[in-house]
Amino acid sequence: MTVIQCQSSCAERGYQYAGHGFGRGCYCGHAIQKPNTIQSNCYCWEDPASACTETNRLIIYHLELSQDSPYNYKNTIFKGCFKTPDNSTKAFPLIAFMPAMTVGKCVDFCTEKKLSLAVLAGQQCLCGFSTVHFPLHAQENMKRCLYHCPGQSHENCGTQMYNVVYQTEVQDNRCTDRSFLFAQPKQLMALASFPGSGNTWARHLIELATGFYTGSYYFDRSLYEKGQRLWLCVSSKDVFNHLRHSDTGFKGEKDNWKSGRTICIKTHEKGKQEIEAFDSGILLIRNPYRTLMAEFNRKYGGHIGFAPMLLWKGETWAKFVEVYADLWASHTLAWLNYSEQLYVVYYEELKRDMFIHLRGLVLFLGLPLSVDRLLCTESQKSGTFKRSGLLKLEYDPFTADMRTSIDYHVKRVDLALRAKNLTGVPDEYHLR
(Lines give C-alpha, C1' and ligand atoms only; values in the text may rest on other atoms or scores of the structure.)
Protein backbone atom coordinates (compact mmCIF):
# COMPACT_ATOMS: atom_id res chain seq x y z
CA MET A 1 0.00 0.00 0.00
CA THR A 2 1.69 3.16 -1.22
CA VAL A 3 0.79 6.72 -0.26
CA ILE A 4 -0.59 7.39 -3.76
CA GLN A 5 -2.70 4.23 -3.72
CA CYS A 6 -4.11 5.16 -0.33
CA GLN A 7 -4.94 8.72 -1.33
CA SER A 8 -6.60 7.58 -4.55
CA SER A 9 -8.63 4.93 -2.78
CA CYS A 10 -10.00 7.38 -0.21
CA ALA A 11 -10.62 10.11 -2.80
CA GLU A 12 -12.63 7.75 -5.00
CA ARG A 13 -14.93 7.09 -2.05
CA GLY A 14 -15.39 10.76 -1.24
CA TYR A 15 -13.50 10.95 2.06
CA GLN A 16 -11.75 14.12 3.15
CA TYR A 17 -8.79 12.42 4.80
CA ALA A 18 -6.49 9.52 3.97
CA GLY A 19 -4.38 7.90 6.68
CA HIS A 20 -1.39 5.84 5.51
CA GLY A 21 0.33 3.48 7.89
CA PHE A 22 3.34 1.13 7.92
CA GLY A 23 3.15 0.15 4.25
CA ARG A 24 0.01 -1.97 4.58
CA GLY A 25 -2.77 0.01 6.17
CA CYS A 26 -4.93 2.69 4.60
CA TYR A 27 -7.67 4.47 6.55
CA CYS A 28 -10.28 6.88 5.20
CA GLY A 29 -12.47 9.32 7.11
CA HIS A 30 -14.30 12.64 7.21
CA ALA A 31 -12.81 13.75 10.54
CA ILE A 32 -9.61 13.25 12.54
CA GLN A 33 -10.47 11.45 15.77
CA LYS A 34 -7.07 11.56 17.51
CA PRO A 35 -4.76 14.43 18.46
CA ASN A 36 -1.55 15.03 16.56
CA THR A 37 1.57 13.28 17.78
CA ILE A 38 5.30 14.01 17.48
CA GLN A 39 6.35 14.06 13.83
CA SER A 40 9.43 11.97 14.55
CA ASN A 41 7.13 9.08 15.51
CA CYS A 42 6.07 8.83 11.87
CA TYR A 43 9.35 8.42 10.08
CA CYS A 44 8.70 7.62 6.40
CA TRP A 45 10.74 7.47 3.24
CA GLU A 46 10.13 10.33 0.82
CA ASP A 47 9.64 8.24 -2.32
CA PRO A 48 6.11 7.39 -3.63
CA ALA A 49 6.32 3.90 -2.15
CA SER A 50 6.99 5.24 1.34
CA ALA A 51 5.96 3.19 4.35
CA CYS A 52 5.79 4.27 7.97
CA THR A 53 8.15 2.21 10.10
CA GLU A 54 6.38 2.99 13.38
CA THR A 55 3.32 0.85 14.06
CA ASN A 56 0.09 2.38 15.38
CA ARG A 57 0.92 5.65 13.65
CA LEU A 58 -0.67 7.23 10.59
CA ILE A 59 0.47 9.93 8.23
CA ILE A 60 -2.78 11.79 7.49
CA TYR A 61 -3.37 13.64 4.23
CA HIS A 62 -6.14 16.14 3.55
CA LEU A 63 -7.69 15.43 0.16
CA GLU A 64 -8.81 18.31 -2.03
CA LEU A 65 -11.87 17.08 -3.91
CA SER A 66 -13.24 19.22 -6.72
CA GLN A 67 -16.86 20.26 -6.37
CA ASP A 68 -17.90 18.35 -9.50
CA SER A 69 -16.02 15.15 -8.72
CA PRO A 70 -18.32 12.08 -8.81
CA TYR A 71 -17.19 10.82 -5.42
CA ASN A 72 -19.05 8.35 -3.24
CA TYR A 73 -20.18 8.41 0.34
CA LYS A 74 -19.40 5.21 2.27
CA ASN A 75 -20.48 2.26 0.09
CA THR A 76 -22.82 4.23 -2.14
CA ILE A 77 -22.50 4.75 -5.89
CA PHE A 78 -22.69 8.26 -7.29
CA LYS A 79 -25.21 8.21 -10.16
CA GLY A 80 -25.01 11.83 -11.29
CA CYS A 81 -27.17 14.91 -11.75
CA PHE A 82 -30.75 14.42 -12.94
CA LYS A 83 -33.72 16.68 -13.56
CA THR A 84 -36.43 16.53 -10.92
CA PRO A 85 -39.32 14.27 -12.04
CA ASP A 86 -42.64 15.89 -12.93
CA ASN A 87 -44.37 14.22 -9.99
CA SER A 88 -42.05 13.64 -7.04
CA THR A 89 -44.82 12.05 -4.98
CA LYS A 90 -45.25 9.27 -7.56
CA ALA A 91 -41.52 8.88 -8.09
CA PHE A 92 -40.49 8.66 -4.45
CA PRO A 93 -42.35 6.88 -1.64
CA LEU A 94 -40.47 8.85 1.01
CA ILE A 95 -39.62 12.57 1.11
CA ALA A 96 -38.01 14.32 4.08
CA PHE A 97 -37.14 17.98 4.74
CA MET A 98 -33.66 18.48 6.22
CA PRO A 99 -32.64 22.12 6.93
CA ALA A 100 -28.98 21.17 7.60
CA MET A 101 -28.81 18.77 4.66
CA THR A 102 -25.63 16.80 3.93
CA VAL A 103 -24.96 13.89 1.59
CA GLY A 104 -24.40 11.63 4.58
CA LYS A 105 -27.69 12.55 6.25
CA CYS A 106 -29.75 11.80 3.15
CA VAL A 107 -27.88 8.60 2.27
CA ASP A 108 -28.08 7.29 5.83
CA PHE A 109 -31.78 8.18 6.05
CA CYS A 110 -32.66 6.34 2.81
CA THR A 111 -30.46 3.39 3.77
CA GLU A 112 -32.21 3.11 7.13
CA LYS A 113 -35.57 3.09 5.31
CA LYS A 114 -34.36 0.23 3.08
CA LEU A 115 -34.57 2.23 -0.16
CA SER A 116 -31.92 2.04 -2.85
CA LEU A 117 -31.85 5.64 -4.13
CA ALA A 118 -30.96 8.73 -2.12
CA VAL A 119 -31.90 11.89 -4.05
CA LEU A 120 -30.80 15.31 -2.83
CA ALA A 121 -32.87 18.32 -3.88
CA GLY A 122 -31.60 21.28 -1.89
CA GLN A 123 -33.05 20.79 1.58
CA GLN A 124 -35.18 17.84 0.53
CA CYS A 125 -34.08 14.20 0.74
CA LEU A 126 -36.07 11.86 -1.49
CA CYS A 127 -35.81 8.08 -1.21
CA GLY A 128 -37.01 5.39 -3.59
CA PHE A 129 -36.17 3.15 -6.52
CA SER A 130 -35.51 3.70 -10.19
CA THR A 131 -38.95 3.64 -11.87
CA VAL A 132 -40.68 4.87 -15.03
CA HIS A 133 -41.18 8.16 -13.20
CA PHE A 134 -37.45 8.48 -12.48
CA PRO A 135 -35.50 6.01 -14.70
CA LEU A 136 -32.05 7.72 -14.50
CA HIS A 137 -31.65 7.57 -18.28
CA ALA A 138 -31.13 11.28 -18.98
CA GLN A 139 -28.17 12.55 -17.00
CA GLU A 140 -27.69 16.32 -16.81
CA ASN A 141 -24.45 18.29 -16.77
CA MET A 142 -23.10 18.19 -13.22
CA LYS A 143 -22.79 21.99 -13.25
CA ARG A 144 -26.57 22.19 -12.83
CA CYS A 145 -26.25 20.45 -9.46
CA LEU A 146 -23.25 22.34 -8.09
CA TYR A 147 -24.97 23.92 -5.09
CA HIS A 148 -23.46 23.53 -1.64
CA CYS A 149 -25.25 21.49 0.99
CA PRO A 150 -26.61 23.65 3.84
CA GLY A 151 -24.96 21.40 6.39
CA GLN A 152 -21.65 20.74 4.60
CA SER A 153 -20.19 23.38 2.32
CA HIS A 154 -17.81 21.05 0.43
CA GLU A 155 -20.68 18.77 -0.70
CA ASN A 156 -23.27 19.26 -3.42
CA CYS A 157 -26.97 18.86 -2.67
CA GLY A 158 -28.53 19.93 -5.95
CA THR A 159 -31.66 22.10 -6.23
CA GLN A 160 -35.42 21.76 -6.42
CA MET A 161 -35.04 21.45 -10.22
CA TYR A 162 -31.84 19.36 -10.51
CA ASN A 163 -31.08 16.53 -8.13
CA VAL A 164 -27.89 14.81 -6.99
CA VAL A 165 -28.48 11.06 -6.94
CA TYR A 166 -26.71 8.31 -4.99
CA GLN A 167 -27.40 4.58 -5.03
CA THR A 168 -27.32 3.31 -1.47
CA GLU A 169 -25.99 -0.06 -0.36
CA VAL A 170 -29.58 -1.33 -0.05
CA GLN A 171 -30.28 -3.98 -2.65
CA ASP A 172 -33.17 -3.44 -5.04
CA ASN A 173 -35.23 -6.60 -4.53
CA ARG A 174 -37.60 -6.16 -7.45
CA CYS A 175 -35.48 -8.44 -9.64
CA THR A 176 -33.78 -10.81 -7.19
CA ASP A 177 -36.40 -13.57 -7.31
CA ARG A 178 -35.61 -16.24 -9.89
CA SER A 179 -37.01 -19.67 -10.67
CA PHE A 180 -36.88 -22.46 -13.21
CA LEU A 181 -39.40 -22.44 -16.06
CA PHE A 182 -42.75 -23.81 -15.01
CA ALA A 183 -43.45 -25.47 -18.35
CA GLN A 184 -40.95 -26.91 -20.80
CA PRO A 185 -40.34 -24.43 -23.65
CA LYS A 186 -41.01 -25.36 -27.23
CA GLN A 187 -37.51 -24.30 -28.26
CA LEU A 188 -33.98 -24.56 -26.91
CA MET A 189 -32.36 -21.12 -26.84
CA ALA A 190 -28.56 -20.77 -26.91
CA LEU A 191 -26.60 -17.94 -25.32
CA ALA A 192 -23.55 -18.26 -27.53
CA SER A 193 -20.29 -16.39 -27.29
CA PHE A 194 -16.59 -16.79 -27.78
CA PRO A 195 -14.83 -17.27 -24.42
CA GLY A 196 -13.99 -13.95 -22.79
CA SER A 197 -16.96 -12.12 -24.34
CA GLY A 198 -18.93 -11.65 -21.12
CA ASN A 199 -21.26 -14.66 -21.24
CA THR A 200 -21.38 -15.00 -17.44
CA TRP A 201 -22.23 -11.31 -17.09
CA ALA A 202 -24.94 -11.60 -19.75
CA ARG A 203 -26.44 -14.56 -17.87
CA HIS A 204 -26.56 -12.46 -14.72
CA LEU A 205 -28.44 -9.69 -16.57
CA ILE A 206 -30.86 -12.09 -18.27
CA GLU A 207 -31.71 -13.83 -15.00
CA LEU A 208 -32.45 -10.53 -13.26
CA ALA A 209 -34.39 -9.11 -16.23
CA THR A 210 -36.54 -12.22 -16.78
CA GLY A 211 -36.77 -13.88 -13.37
CA PHE A 212 -35.72 -17.25 -14.80
CA TYR A 213 -32.49 -19.22 -14.42
CA THR A 214 -30.11 -19.69 -17.31
CA GLY A 215 -28.46 -23.01 -18.09
CA SER A 216 -25.15 -24.19 -19.47
CA TYR A 217 -23.89 -26.64 -22.05
CA TYR A 218 -21.15 -27.39 -19.51
CA PHE A 219 -20.96 -27.58 -15.72
CA ASP A 220 -18.78 -25.08 -13.91
CA ARG A 221 -18.84 -25.81 -10.18
CA SER A 222 -17.52 -22.37 -9.27
CA LEU A 223 -20.44 -20.72 -11.08
CA TYR A 224 -22.94 -23.08 -9.48
CA GLU A 225 -21.64 -22.75 -5.93
CA LYS A 226 -20.99 -19.02 -5.93
CA GLY A 227 -22.86 -17.59 -2.94
CA GLN A 228 -23.74 -20.98 -1.40
CA ARG A 229 -21.50 -20.55 1.65
CA LEU A 230 -21.77 -16.84 2.31
CA TRP A 231 -24.38 -17.30 5.04
CA LEU A 232 -22.58 -19.83 7.22
CA CYS A 233 -20.98 -17.31 9.57
CA VAL A 234 -23.84 -14.84 10.04
CA SER A 235 -26.17 -14.81 13.01
CA SER A 236 -29.25 -17.01 12.91
CA LYS A 237 -31.67 -14.08 12.75
CA ASP A 238 -30.02 -12.89 9.51
CA VAL A 239 -29.74 -16.24 7.74
CA PHE A 240 -32.97 -16.18 5.76
CA ASN A 241 -32.64 -12.54 4.76
CA HIS A 242 -29.05 -13.14 3.64
CA LEU A 243 -29.97 -16.20 1.66
CA ARG A 244 -32.72 -14.40 -0.16
CA HIS A 245 -30.60 -11.43 -1.17
CA SER A 246 -27.12 -12.95 -1.63
CA ASP A 247 -27.93 -16.19 -3.42
CA THR A 248 -25.73 -15.39 -6.38
CA GLY A 249 -24.94 -18.81 -7.80
CA PHE A 250 -26.22 -19.92 -11.20
CA LYS A 251 -28.70 -22.59 -10.14
CA GLY A 252 -29.31 -23.72 -13.72
CA GLU A 253 -25.64 -24.62 -14.12
CA LYS A 254 -26.19 -28.13 -12.81
CA ASP A 255 -29.25 -28.91 -14.94
CA ASN A 256 -28.87 -30.98 -18.08
CA TRP A 257 -28.79 -28.41 -20.86
CA LYS A 258 -31.71 -30.18 -22.57
CA SER A 259 -33.90 -30.15 -19.45
CA GLY A 260 -36.02 -27.29 -20.75
CA ARG A 261 -36.10 -25.66 -17.31
CA THR A 262 -33.83 -22.71 -18.17
CA ILE A 263 -34.53 -19.67 -20.31
CA CYS A 264 -31.34 -19.95 -22.37
CA ILE A 265 -28.17 -22.07 -22.36
CA LYS A 266 -24.61 -20.82 -22.26
CA THR A 267 -22.37 -22.32 -24.93
CA HIS A 268 -19.01 -21.61 -26.54
CA GLU A 269 -19.38 -24.39 -29.13
CA LYS A 270 -19.02 -23.62 -32.81
CA GLY A 271 -19.49 -27.00 -34.50
CA LYS A 272 -22.34 -27.41 -36.99
CA GLN A 273 -23.94 -30.28 -35.08
CA GLU A 274 -23.72 -28.47 -31.73
CA ILE A 275 -25.22 -25.27 -33.15
CA GLU A 276 -28.06 -27.04 -34.93
CA ALA A 277 -28.99 -28.75 -31.65
CA PHE A 278 -30.48 -25.38 -30.65
CA ASP A 279 -33.64 -23.99 -32.21
CA SER A 280 -32.47 -20.39 -31.89
CA GLY A 281 -29.75 -18.39 -30.25
CA ILE A 282 -28.48 -15.14 -28.83
CA LEU A 283 -24.98 -14.38 -30.10
CA LEU A 284 -22.92 -12.13 -27.82
CA ILE A 285 -19.97 -10.47 -29.59
CA ARG A 286 -17.24 -8.44 -27.92
CA ASN A 287 -14.34 -6.36 -29.23
CA PRO A 288 -11.62 -8.95 -29.99
CA TYR A 289 -8.91 -6.89 -28.32
CA ARG A 290 -10.83 -6.92 -25.03
CA THR A 291 -12.00 -10.47 -25.56
CA LEU A 292 -8.50 -11.85 -26.01
CA MET A 293 -7.23 -10.06 -22.91
CA ALA A 294 -10.22 -11.21 -20.83
CA GLU A 295 -9.89 -14.83 -21.94
CA PHE A 296 -6.12 -14.78 -21.35
CA ASN A 297 -6.80 -13.56 -17.81
CA ARG A 298 -9.46 -16.22 -17.27
CA LYS A 299 -7.32 -19.02 -18.63
CA TYR A 300 -4.30 -18.17 -16.50
CA GLY A 301 -5.92 -16.33 -13.59
CA GLY A 302 -9.44 -17.74 -13.07
CA HIS A 303 -12.90 -16.17 -13.43
CA ILE A 304 -12.05 -12.95 -11.57
CA GLY A 305 -8.26 -13.11 -11.45
CA PHE A 306 -5.44 -11.95 -13.71
CA ALA A 307 -2.76 -13.75 -15.65
CA PRO A 308 0.76 -13.36 -14.19
CA MET A 309 2.69 -10.44 -15.68
CA LEU A 310 5.46 -12.78 -16.81
CA LEU A 311 3.10 -14.56 -19.22
CA TRP A 312 2.11 -11.30 -20.92
CA LYS A 313 5.70 -10.58 -21.88
CA GLY A 314 6.64 -14.03 -23.11
CA GLU A 315 5.76 -16.37 -25.96
CA THR A 316 2.61 -17.53 -24.16
CA TRP A 317 0.72 -14.32 -24.99
CA ALA A 318 2.02 -14.13 -28.57
CA LYS A 319 0.96 -17.70 -29.37
CA PHE A 320 -2.37 -17.17 -27.64
CA VAL A 321 -3.20 -14.17 -29.85
CA GLU A 322 -2.11 -15.99 -33.01
CA VAL A 323 -4.51 -18.88 -32.34
CA TYR A 324 -7.41 -17.18 -30.57
CA ALA A 325 -7.83 -14.23 -32.95
CA ASP A 326 -8.76 -16.65 -35.72
CA LEU A 327 -10.98 -18.66 -33.36
CA TRP A 328 -12.81 -15.46 -32.37
CA ALA A 329 -13.79 -14.87 -35.99
CA SER A 330 -14.57 -18.48 -36.88
CA HIS A 331 -16.89 -18.78 -33.87
CA THR A 332 -19.08 -15.90 -35.06
CA LEU A 333 -19.02 -17.08 -38.67
CA ALA A 334 -20.17 -20.56 -37.62
CA TRP A 335 -23.18 -19.27 -35.72
CA LEU A 336 -24.12 -16.98 -38.60
CA ASN A 337 -23.95 -19.93 -41.01
CA TYR A 338 -25.63 -22.69 -38.99
CA SER A 339 -28.14 -21.02 -36.66
CA GLU A 340 -31.58 -20.62 -38.19
CA GLN A 341 -32.74 -17.83 -35.86
CA LEU A 342 -30.13 -15.59 -34.32
CA TYR A 343 -30.26 -12.40 -32.24
CA VAL A 344 -26.93 -10.55 -32.23
CA VAL A 345 -25.99 -8.30 -29.33
CA TYR A 346 -22.69 -6.49 -28.84
CA TYR A 347 -21.16 -6.47 -25.38
CA GLU A 348 -20.17 -2.80 -25.61
CA GLU A 349 -23.64 -1.67 -26.73
CA LEU A 350 -25.29 -3.73 -23.99
CA LYS A 351 -23.04 -2.03 -21.47
CA ARG A 352 -23.71 1.47 -22.83
CA ASP A 353 -27.47 1.22 -23.40
CA MET A 354 -28.45 -1.61 -21.10
CA PHE A 355 -32.16 -0.85 -20.84
CA ILE A 356 -32.71 -0.76 -24.61
CA HIS A 357 -30.72 -3.90 -25.43
CA LEU A 358 -32.04 -5.89 -22.46
CA ARG A 359 -35.55 -5.04 -23.59
CA GLY A 360 -34.72 -6.46 -27.02
CA LEU A 361 -33.32 -9.63 -25.44
CA VAL A 362 -36.42 -10.17 -23.30
CA LEU A 363 -38.70 -9.76 -26.30
CA PHE A 364 -36.57 -12.16 -28.35
CA LEU A 365 -36.88 -14.69 -25.51
CA GLY A 366 -40.65 -14.41 -25.91
CA LEU A 367 -41.31 -13.07 -22.42
CA PRO A 368 -43.48 -10.17 -21.26
CA LEU A 369 -41.63 -6.99 -20.38
CA SER A 370 -41.36 -5.75 -16.82
CA VAL A 371 -39.99 -2.22 -16.75
CA ASP A 372 -39.36 -2.43 -13.01
CA ARG A 373 -37.25 -5.57 -13.47
CA LEU A 374 -35.23 -3.92 -16.25
CA LEU A 375 -34.58 -0.81 -14.15
CA CYS A 376 -33.71 -3.00 -11.18
CA THR A 377 -31.27 -4.95 -13.35
CA GLU A 378 -29.57 -1.71 -14.36
CA SER A 379 -28.95 -0.91 -10.70
CA GLN A 380 -27.32 -4.32 -10.14
CA LYS A 381 -25.59 -4.71 -13.47
CA SER A 382 -22.15 -5.66 -12.20
CA GLY A 383 -22.88 -9.13 -10.86
CA THR A 384 -20.57 -11.30 -8.77
CA PHE A 385 -18.12 -12.62 -11.37
CA LYS A 386 -16.48 -9.39 -12.35
CA ARG A 387 -12.86 -8.37 -12.52
CA SER A 388 -11.94 -4.95 -11.20
CA GLY A 389 -11.18 -4.02 -14.83
CA LEU A 390 -8.82 -5.34 -17.43
CA LEU A 391 -5.29 -5.69 -16.18
CA LYS A 392 -3.63 -2.29 -16.22
CA LEU A 393 -0.52 -3.09 -18.22
CA GLU A 394 2.24 -0.53 -18.42
CA TYR A 395 2.55 -1.10 -22.17
CA ASP A 396 0.43 -2.05 -25.17
CA PRO A 397 0.40 -5.89 -25.28
CA PHE A 398 -0.58 -5.90 -28.96
CA THR A 399 2.25 -5.61 -31.48
CA ALA A 400 1.77 -4.14 -34.96
CA ASP A 401 1.62 -7.64 -36.47
CA MET A 402 -0.98 -8.71 -33.92
CA ARG A 403 -3.14 -5.69 -34.74
CA THR A 404 -2.92 -6.32 -38.46
CA SER A 405 -4.04 -9.91 -37.95
CA ILE A 406 -6.88 -9.01 -35.59
CA ASP A 407 -8.15 -6.26 -37.89
CA TYR A 408 -8.28 -8.77 -40.75
CA HIS A 409 -10.51 -11.03 -38.68
CA VAL A 410 -12.71 -8.08 -37.64
CA LYS A 411 -13.33 -7.32 -41.33
CA ARG A 412 -14.26 -10.95 -41.98
CA VAL A 413 -16.86 -10.85 -39.24
CA ASP A 414 -18.17 -7.44 -40.30
CA LEU A 415 -18.72 -8.58 -43.90
CA ALA A 416 -20.46 -11.77 -42.76
CA LEU A 417 -22.85 -9.84 -40.50
CA ARG A 418 -23.76 -7.38 -43.25
CA ALA A 419 -24.32 -10.27 -45.67
CA LYS A 420 -27.05 -11.47 -43.27
CA ASN A 421 -28.60 -7.97 -43.28
CA LEU A 422 -27.42 -7.44 -39.72
CA THR A 423 -25.69 -4.39 -38.28
CA GLY A 424 -21.94 -4.59 -38.76
CA VAL A 425 -19.52 -4.52 -35.85
CA PRO A 426 -19.20 -1.25 -33.91
CA ASP A 427 -16.66 1.22 -35.27
CA GLU A 428 -14.49 0.79 -32.20
CA TYR A 429 -13.65 -2.76 -33.32
CA HIS A 430 -11.82 -1.54 -36.39
CA LEU A 431 -8.14 -0.67 -36.30
CA ARG A 432 -7.47 3.05 -36.25
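In what follows, the structure referred to is the one given above.
Residues numbered from 1 in each chain as written. Predicted model: local features only at pLDDT ≥ 70, side-chain atom pairs only at ≥ 80, totals over all residues. Heavy atoms only, no water.

K.L.:
If you had to explain the overall build of the chain to someone new, which residues and values would you point to?
P.N.:
Within the chain, the secondary structure is distributed over 14 helices and 16 strands. Buried positions account for 49% of the 432 residues belonging to the chain. Put simply, 74% of the contacts in the chain that link residues at least 6 apart link residues at least 24 apart. (Helix = DSSP H or I, 4+ residues; strand = E, 2+ residues; numbered from the N terminus. Buried < 20%, exposed > 50% of the residue type's maximum accessible area, 1.4 Å probe, protein only. Contact = heavy atoms within 4.5 Å.)

K.L.:
Outline the pairing of strand S15 (residues 280-285), supporting the account with residue identities and numerical values.
P.N.:
Of all 6 residues making up S15, 6 are buried, and the element is well covered by its neighbours. By the alternation rule, side chains of S15 split into Ser280, Ile282 and Leu284 and Gly281, Leu283 and Ile285, which are all buried. Judged from the 5 bridges that link them, strand S12 (residues 189-193) and S15 form a sheet pairing that is parallel. Its bridge partner lying in S15, methionine 189 is registered against serine 280. Inspection of the sheet shows S15 paired to strand S16 (residues 342-346) by 5 bridges, in the parallel sense. Looking at S16, one finds that glycine 281 is bridged to leucine 342. (Pairing = 2+ DSSP bridges.)

K.L.:
Can you explain the state of the cysteines? Please cite residues and give values.
P.N.:
Throughout the structure, instances matching the rule amount to 7 disulfides. Note that cysteine 149 is cross-linked by a disulfide to cysteine 157, the S-S spacing being 1.9 Å. Its S-S torsion of about 100 degrees marks the bond between cysteine 149 and cysteine 157 as right-handed, since a negative value means left-handed. Overall, the relative accessible area of 3% leaves cysteine 149 in the buried class. According to the relative accessible area criterion, cysteine 157 is buried, its value standing at 1%. (Disulfide = S-S within 2.5 Å.)

K.L.:
Account for the environment of proline 308, naming residues and giving values.
P.N.:
For proline 308, the position within the fold is in the loop between helix H8 (288-301) and helix H9 (309-312). As for proline 308 and asparagine 297, which are separated by 11 residues in sequence, their C-alpha atoms are 8.4 Å apart.

K.L.:
Which residues make up the nonpolar core, and what values do they have?
P.N.:
With 39 residues, the main nonpolar core has Ile285, Leu292, Trp317, Trp335, Phe398, Ile406 and Leu417 as its most contacted residues. Every element with two or more residues in this core is listed here: S12, S15, H8, helix H10 (315-338), S16 and helix H14 (400-419). No other element matches the 11 residues that H10 contributes to this core. Every residue in contact with phenylalanine 398, bar those within four places of it in the chain, is listed here: Tyr289, Leu292, Met293, Trp317, Arg403 and Ile406. (Core = buried A, V, L, I, M, F, W, Y, C linked by side-chain atoms within 4.5 Å.)

K.L.:
Outline the environment of phenylalanine 182, supporting the account with residue identities and numerical values.
P.N.:
Its place among the elements puts phenylalanine 182 in the loop between strand S11 (162-167) and S12. A residue is classified by how much of its surface remains accessible, and phenylalanine 182, at 77% relative accessible area, is exposed. For the pair formed by phenylalanine 182 and arginine 261, sequence separation is 79 residues and the distance between their alpha carbons is 7.3 Å.

K.L.:
So what's going on with the packing of aromatic side chains? Which residues, and what values?
P.N.:
Under the criterion given, the structure shown has 23 aromatic pairs. Here phenylalanine 92 and phenylalanine 134 contribute two aromatic rings whose centre-to-centre distance is 5.1 Å and whose plane-to-plane angle is 65 degrees, an arrangement assigned as edge-to-face. With phenylalanine 92 in the loop between helix H2 (88-91) and strand S5 (94-97) and phenylalanine 134 in the loop between strand S7 (124-128) and strand S8 (139-140), this pair connects stretches of sequence that are 42 residues apart. With respect to class, phenylalanine 92 is no different from phenylalanine 134; both count as buried. (Phe/Tyr/Trp six-rings, centres within 6.5 Å; stacked < 30°, edge-to-face > 60°.)

K.L.:
Describe the pattern of salt bridges, with residues and values.
P.N.:
Counting across every chain of the model gives 14 salt bridges. When the shortest N-O distance is used, the salt bridge between arginine 203 and glutamate 253 registers 2.8 Å. Taken together, the positions of arginine 203 in helix H4 (residues 199-210) and glutamate 253 in the loop between helix H6 (239-246) and strand S14 (265-267) put the pair 50 residues apart, joining distant regions of the chain. What makes arginine 203 buried here is its relative accessible area of 0%. Relative accessible area serves as the criterion here: at 1%, glutamate 253 is assigned to the buried category. The structure contains a network of salt bridges with shared partners spanning Asp172, Arg174 and Asp372. (Salt bridge = Lys/Arg side-chain N within 4 Å of Asp/Glu carboxyl O.)

K.L.:
Lay out unusual backbone geometry in plain terms, naming residues and giving numbers.
P.N.:
Negative phi characterises most residues that are not glycine, and trans characterises most peptide bonds. In the Ramachandran plot, lysine 114 falls in the positive-phi region, its phi being about 65 degrees despite a non-glycine side chain. On the secondary structure map, lysine 114 appears in the loop between helix H3 (103-112) and strand S6 (117-121).

K.L.:
Which residues make up the side chain of asparagine 199, and what are the values?
P.N.:
Within the secondary structure, asparagine 199 is located in helix H4. Separated by 2.9 Å, the side chains of asparagine 199 and serine 193 make a polar contact. Look past the residues within four positions of asparagine 199 in its chain and what remains in contact with it is Leu191, Ala192, Ser193, Lys266, Thr267, His268 and Leu284. (Polar contact = N/O pair within 3.5 Å; in protein donor to acceptor, adjacent residues only side chain to side chain.)

K.L.:
Tell me about the environment of aspartate 414, residues and numbers included.
P.N.:
Position of aspartate 414 among the secondary structure elements: in helix H14. Aspartate 414 gets classed as buried once you look at its relative accessible area, which sits at 9%. Measuring from C-alpha to C-alpha, the distance between aspartate 414 and threonine 332 comes to 10.0 Å, with 82 residues separating the pair along the chain. Ignoring any residue separated from it by four or fewer positions in sequence, one finds aspartate 414 in contact with Gly424, Val425 and His430. A distance of 2.9 Å separates a polar atom in the side chain of aspartate 414 from the backbone nitrogen of valine 425.

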